[in-house]
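The chain contents come next:
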Amino acid sequence: MQIKNYLLTLTCGLFGLSTFAQSEVTEKEIADHISFLASPKMAGRFPGTKENKKVVNYLIKNFKKSGVKPLNNNYIQEFKVKIRVKKGLDTPVVTTQNVIGFVEGNDPVLKNEFIVLGAHYDHLGQGGPSSKKPDTVGVHLGADDNASGTAALLEIAERLAANKKELKRSVLFIAFGAEEQGLIGSKYFVEHPLIPLSSIKLMMNMDMVGRMNAEKHLYMGGAASFNGGMELMKSLGPQIGINPLVIAYDVGGSDHVSFYKKNISVLGFHTGGHPQYHTPEDDFAHINVPGEKLVCDYIYQAIVNVANREGVISFVPEKKN
């Protein structure tokens, strides 16, 4: 099917949708999103649980509120996943979801090309022991990993929807499920794409973007995987007031890897590791909300720049010695 026919289908049934998109990212909304996602009531957002489904519904609700459209009248891409367990135990199979929406570009030709912005929303569920209470099993709250990236996805999507007239290319937003089980949600998407993979010109992924340090560093791998990427990402730092650490490749280990393996250009964003990684102490108290707002503003500007580029966006593979 032609890409333009996809877009005709995507826009059906959307009239009458109420939108309340804010034109700027706000610290309050970042904090609200992370507080909800990393609440103990969400029980670590483990695939196949009722809490996981509550998160999916929350993401859909926010996409609708922001005016982010569903693909083919459906925000859900459902798939099954084998849950990782200790050796010798039966491997359960559960159903979980990717949550997907888009903002259409305005150029009659370039709107058939897409930038993908992604973040995984799942986490590790019940874990432990907690260092605060060694005799108890703690909930892995996953505030930085990856409530922070999910909050950034919702905020950037809202801002882009409010300013969609600025975009020539279209932007696809994907909240991936089951990343912690082995990048399963992103692998499923690239093997069962809802748009032609050839139409995706850049995939930008946010995983652990809530712990910006005092030097205001934002790390990103893959900047050389598209033409002009290194120069663009360096140039945006002074405009936003951060110090981007722009890495040519070193693509990393999150959901953007699934796209890179399909010869799609990628950028993988994070603010660095920390002792609370994959422990129950990865909580909201450690999040740098003003720092995350800077991350959102930086990535927003990167998307607008790439979406409006006049020339071809080309995949540039890493040269192996």
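Scroll up to find the structure this text is about.
Summarised in this report is the structure supplied together with it. (Residues numbered from 1 in each chain as written. Predicted model: local features only at pLDDT ≥ 70, side-chain atom pairs only at ≥ 80, totals over all residues. Heavy atoms only, no water.)

1. Quick word on the packing of aromatic side chains
Thought 1: Per the stated rule, a full pass over the model turns up 8 aromatic pairs.
Thought 2: Between Phe63 and Tyr75 the ring centres are 6.1 Å apart and the planes differ by 40 degrees, which places this aromatic pair in the tilted class. One end of the pair, Phe63, is in helix H3 (residues 50–66); the other, Tyr75, is in the loop between strand E1 (69–70) and strand E2 (76–82), and 12 residues separate them in sequence. Neither Phe63 nor Tyr75 differs from the other in exposure class; each is buried. (Phe/Tyr/Trp six-rings, centres within 6.5 Å; stacked < 30°, edge-to-face > 60°. Helix = DSSP H or I, 4+ residues; strand = E, 2+ residues; numbered from the N terminus. Buried < 20%, exposed > 50% of the residue type's maximum accessible area, 1.4 Å probe, protein only.)

2. A few points about helix H5 (residues 184–191)
Thought 1: Along H5, the residues that are buried comprise Gly185, Ser186, Phe189 and Val190. Each buried residue of H5 sits inside an arc of 125 degrees when the element is viewed along its axis, so together they form one side.
Thought 2: In this fold, the buried residues of H5 make contact with E2, strand E3 (93–103), strand E5 (170–176), strand E6 (200–206) and helix H7 (256–260). (Arc of directions from axis to C-beta. Contact = heavy atoms within 4.5 Å.)

3. Thoughts on the environment of Val93
Thought 1: With respect to the element layout, Val93 can be found in strand E3.
Thought 2: With a relative accessible area of 52%, Val93 lands in the exposed category.
Thought 3: Put simply, Val93 and Gly48 are 45 residues apart on the chain and 8.6 Å apart in space, counted from C-alpha to C-alpha.
Thought 4: In this view, Val93 contacts Lys80, Val81 and Lys82; residues no more than four positions away in its chain are not counted.

4. Overview of helix H2 (residues 27–37)
Thought 1: Listing the buried residues of H2 in full gives Glu29, Ile30, Ala31, His33, Ile34 and Leu37.
Thought 2: Where the residues of H2 are buried, they touch H3, helix H4 (143–162) and helix H8 (289–307).

5. Considerations on the packing of H2 against H4
Thought 1: Relative to each other, H2 and H4 sit at 135 degrees, their axes nearing to 9 Å. Here H2 is positioned oblique relative to H4, judged by the angle of their axes. By crossing handedness, the relation of H2 to H4 is classed as right-handed. In this structure, H2 uses Glu29, Ile30, His33, Ile34 and Leu37 to contact H4, whose residues at the interface are Ala143, Ala147, Ser148, Thr150, Ala151, Leu154, Glu155 and Glu158.
Thought 2: Looking at the contact of H2 with H4, its residues break down into 7 nonpolar, 3 polar and 3 charged. (Axes fitted to C-alpha atoms, helices over the stretch in contact; angles between N-to-C directions. Parallel < 35°, antiparallel > 145°, perpendicular 65-115°, else oblique. Left-handed = near helix turned anticlockwise from the far one by under 90°. Nonpolar A, V, L, I, M, F, W, Y, C, P; charged D, E, K, R; others polar.)

6. Some thoughts on the pattern of salt bridges
Thought 1: This model, assessed by the stated rule, comprises 10 salt bridges.
Thought 2: The partner of Glu104 in a salt bridge is Lys111, and the shortest N-O contact between them spans 3.3 Å.
Thought 3: A relative accessible area of 25% places Lys111 in the partly exposed class.
Thought 4: Lys320 is the salt-bridge partner of Glu318, the closest N and O atoms lying 3.5 Å from each other.
Thought 5: Note on Lys320: relative accessible area 68%, which makes it exposed.
Thought 6: When salt bridges with common partners are traced through the structure, they connect Glu24, Arg159, Lys293 and Asp297 into a single cluster. (Salt bridge = Lys/Arg side-chain N within 4 Å of Asp/Glu carboxyl O.)

7. Observations regarding the environment of Gln126
Thought 1: Residue placement: Gln126 occurs in the loop between strand E4 (114–120) and H4.
Thought 2: For Gln126 and Phe46, which are 80 residues apart along the polypeptide, the C-alpha to C-alpha distance reads 8.1 Å.
Thought 3: Not counting chain neighbours up to four residues away, the residues in contact with Gln126 comprise Ala43, Gly138, Val139 and His140.

8. Side note on the environment of Asp255
Thought 1: On the secondary structure map, Asp255 appears in the loop between strand E8 (243–247) and H7.
Thought 2: Assessed through its relative accessible area of 0%, Asp255 is described here as buried.
Thought 3: On a C-alpha basis, the gap between Asp255 and Asp207 in space is 8.5 Å, while along the polypeptide they are 48 residues apart.
Thought 4: Discounting chain neighbours no more than four positions away, the residues touching Asp255 are His120, Phe176, Glu179, Leu183, Ser186 and Asn205.
Thought 5: Only 2.6 Å separates the side chain of Asp255 from the side chain of Ser186, close enough to count as a polar contact. (Polar contact = N/O pair within 3.5 Å; in protein donor to acceptor, adjacent residues only side chain to side chain.)

9. With respect to the nonpolar core
Thought 1: Phe259 and Phe269 are the most contacted members of the largest nonpolar core, which has 90 residues in total.
Thought 2: The dominant element in this core, judged by the number of residues it contributes, is H8, at 12 residues.
Thought 3: Residues Phe79, Ile83, Val94 and Ala178 belong to the second largest nonpolar core, which totals 5 residues. (Core = buried A, V, L, I, M, F, W, Y, C linked by side-chain atoms within 4.5 Å.)

10. Regarding the side chain of Glu29
Thought 1: Along the chain, Glu29 turns up in helix H2.
Thought 2: Of the side chains bearing the opposite charge, Lys65 lies closest to the buried Glu29, which forms no salt bridge; the N-O distance is 5.1 Å. (Lys, Arg positive; Asp, Glu negative; His and termini not counted.)

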